[in-house]
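For reference, the chains in residue letters:
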Amino acid sequence: MDVIASISTAPGIGGIGIVRMSGKDCFSVLNKIFRPKKEENIENIRGYTIKYGVIIENNEIIDEVLVSYFKEPKSYTTENMCEINTHGGNIIIKKILELCLKNGANLAEPGEFTKRAFLNGRIDLSQAESVIDIINSKSEKEVKAGIKQLEGMLSKKIKEIKQEILDVMVNVDVSIDYPEYDVDDVTNNQILDMLDSIEIKLKNLEKSFDNGKLIKDGIKTAIIGKPNAGKSSLLNAILKEDRAIVTEYEGTTRDTIEEFVNIEGIPLKLVDTAGIREAKDEVEKIGIAKSKEIANEADLIIAIFDGSKELSEEDYKILDIIYGKKCIILLNKVDLKNNLKEEDIRFKNITDHVIKISALNGDGLEKLYNVIAKMFNLNEINLDNDVIITNLRHKKLISNAIENVKKAKQTVNENMPLDIIAIFIKDILEDLGNITGEFVTDDIINEIFAKFCLGK
Ligand code: GDP
């Protein structure tokens, strides 16, 4: 394949920057721009070594660099690769990339290094997809799920299921090719047993997506309450916690910012935090209609009430909004004299989870986190031993496979000819093969890698 080059470090100023190249002839490109301190024939340089020298253009030194050499097949892409470690300034890094391009390299597309690792067979598609998940992770558990997938935990599981199918399919194919051997009865039973067995395994994988989705997308959490109940104080208290890793993501519209905090390694995605803050400046504070809208979209509602006051009409409206939803009620301002009777708030049995807090001094926050962890069984998510699907593409393919298992079972039960049964079973194999990338189309591959960042 041709030589590709890209800047692999994030844009901006940093200690070092890395320009990366991959491709059979990448060392010839390198030789045109790099003058090592100690000249050495490239043939003699071993993989996994680093050389010190300078990048030159027209005999002028552009930068002092270190170059790492990786020789095929022992590299990220399995091709010859080198990484030029430059000083981390935008101008220098861009200049060095330009020199690589001028001397024969092509600009890499987003994710092209990882795509090559996949196309060259070093990793399968699900492993390649985990790379982007690891890079984009917002929580420790998400990183761990990504690492497990990169290690091949999902691939191994899929392989096992496929092998189970193939073991039986051998007999099916024999029966189709040599119908004179009367093995139909045996084969039908065998097929049904196999289909039952893989259906259980596939359903377990499908179910694991409930947790996988939590790990990946976080728990979409809305904080609602009437004006002055303490919403923004609570928000600030949560975001200020040492353990909270706060990441701000630009939302789809210019004004929305999603903020994430970590609870037991799972991201809590706080919705409409911008709304809560903006409401401060508005005469009309965040209204009931808006609260309703936010509450409807959330996985979890934290409804906050001012414990220093009796329940007001607005509070009752909030109670109506959260009725029947997954929610936690907070009685805020416990540091003040209590005027809100807990029975009043509990009268509708909206939730078991009523917690007294002080958003001002942080009392009760720990309890809040524990309750959230319990409500979503976060402590039971076991990433060490269980394969957990976090990718929606994989989940859809597994659901398809389960549908095809059902169809296959029906054909067996209806005593259809073996070649018809075989068609449905092959569909299952195809669904599974799409996860690991065996049967996948170029369009899907391109779509997956387009989501990568440059230089990966
Ligand atoms: P919001 O309108 O729901 O966002 O409410 P704020 O967070 O702005 O709080 C309204 C007022 O209540 C502010 O003056 C806060 O300082 C105060 N407040 C919030 N939480 C507490 C608390 O736990 N104890 C006390 N004493 N005051 C609080």
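To be clear, the structure that these remarks concern was listed above.
Residues numbered from 1 in each chain as written. Predicted model: local features only at pLDDT ≥ 70, side-chain atom pairs only at ≥ 80, totals over all residues. Heavy atoms only, no water.

Caption draft 1: Region of the structure containing the pairing of strand S8 (residues 219-224). Counting buried residues along S8, 5 of its 6 residues qualify, which places the element largely inside the surrounding structure. Note that S8 and strand S11 (residues 266-271) share 4 bridges and pair parallel. Bridge assignment links Lys 220 to a residue of S11, and that residue is Lys 269. Relative to strand S12 (residues 300-306), S8 runs parallel, the two being bridged by 4 bridges. Looking across to S12, one finds that Ile 224 is bridged to Ala 303. (Buried < 20%, exposed > 50% of the residue type's maximum accessible area, 1.4 Å probe, protein only. Helix = DSSP H or I, 4+ residues; strand = E, 2+ residues; numbered from the N terminus. Pairing = 2+ DSSP bridges.)

Caption draft 2: Quick look at the sheet that holds strand S4 (residues 49-57). Strand order in the open sheet formed by 7 strands is S3-S4-S5-S6-S2-S1-S7, and the pairing between neighbours is mixed. With partners counted over all chains shown, the strands left at the sheet margins are strand S3 (34-36) and strand S7 (106-107), one partner each.

Caption draft 3: Here's a closer look at empty space enclosed by the protein. With the rule as written, the count across this model stands at 2 cavities of 30 Å³ or more. Taken as a whole, the largest cavity holds about 80 Å³ of empty space. Among the elements that make up the lining of the largest cavity, the one with the highest residue count is helix H5 (residues 140-151) (3 residues). As for the second largest cavity, its lining consists of Asp 133, Glu 142, Ala 145, Gly 146, Gln 149, Lys 216 and Thr 390. Take the lining of the second largest cavity: its biggest share by element is 4 residues, from H5. Looking at the lining of the second largest cavity residue by residue, the class counts come to 1 nonpolar, 3 polar and 3 charged. (1 Å grid on protein atoms, 1.4 Å probe; cavity = no way out; pocket = protein on both sides within 12 Å on 5 of 7 lines; lining within 4 Å. Points joined across faces, edges and corners; volume = space filled by probe spheres on them. Nonpolar A, V, L, I, M, F, W, Y, C, P; charged D, E, K, R; others polar.)

Caption draft 4: Highlighting the pattern of salt bridges. In the structure shown here, the tally under the stated rule is 28 salt bridges. A salt bridge links Asp 133 to Lys 216; the nearest nitrogen and oxygen atoms lie 3.3 Å apart. Separated by 83 residues along the polypeptide, Asp 133 in helix H4 (residues 125-136) and Lys 216 in helix H7 (residues 184-217) bring together distant segments of the chain. In this structure Asp 133 comes out as buried when scored by relative accessible area, which is 10%. For Lys 138, the salt bridge is made with Glu 142, and the minimal N-O distance between the two is 3.5 Å. As far as the burial class goes, Lys 138 and Glu 142 line up, both buried. Each of Asp 2, Glu 79, Glu 112 and Arg 116 takes part in salt bridges that share partners, so that together they form one network. (Salt bridge = Lys/Arg side-chain N within 4 Å of Asp/Glu carboxyl O.)

Caption draft 5: The nonpolar core, seen in detail. Counting residues in each nonpolar core, the largest one holds 36 residues, and the members touching the most others are Ile 219, Leu 234, Ile 328, Leu 330 and Leu 378. Taken together, the elements giving at least two residues each to this core come down to H7, S8, helix H8 (231-240), strand S10 (257-263), S11, S12, strand S13 (327-332) and helix H13 (365-375). Tallying contributions element by element places H13 first for this core, with 7 residues. Discounting chain neighbours no more than four positions away, the residues touching Leu 234 are Ile 223, Ile 302, Ile 304, Leu 330, Ile 357, Ala 359 and Leu 365. Among the nonpolar cores identified, the runner-up in size contains 32 residues, and Met 169, Ile 191, Leu 397 and Ile 435 belong to it. (Core = buried A, V, L, I, M, F, W, Y, C linked by side-chain atoms within 4.5 Å. Contact = heavy atoms within 4.5 Å.)

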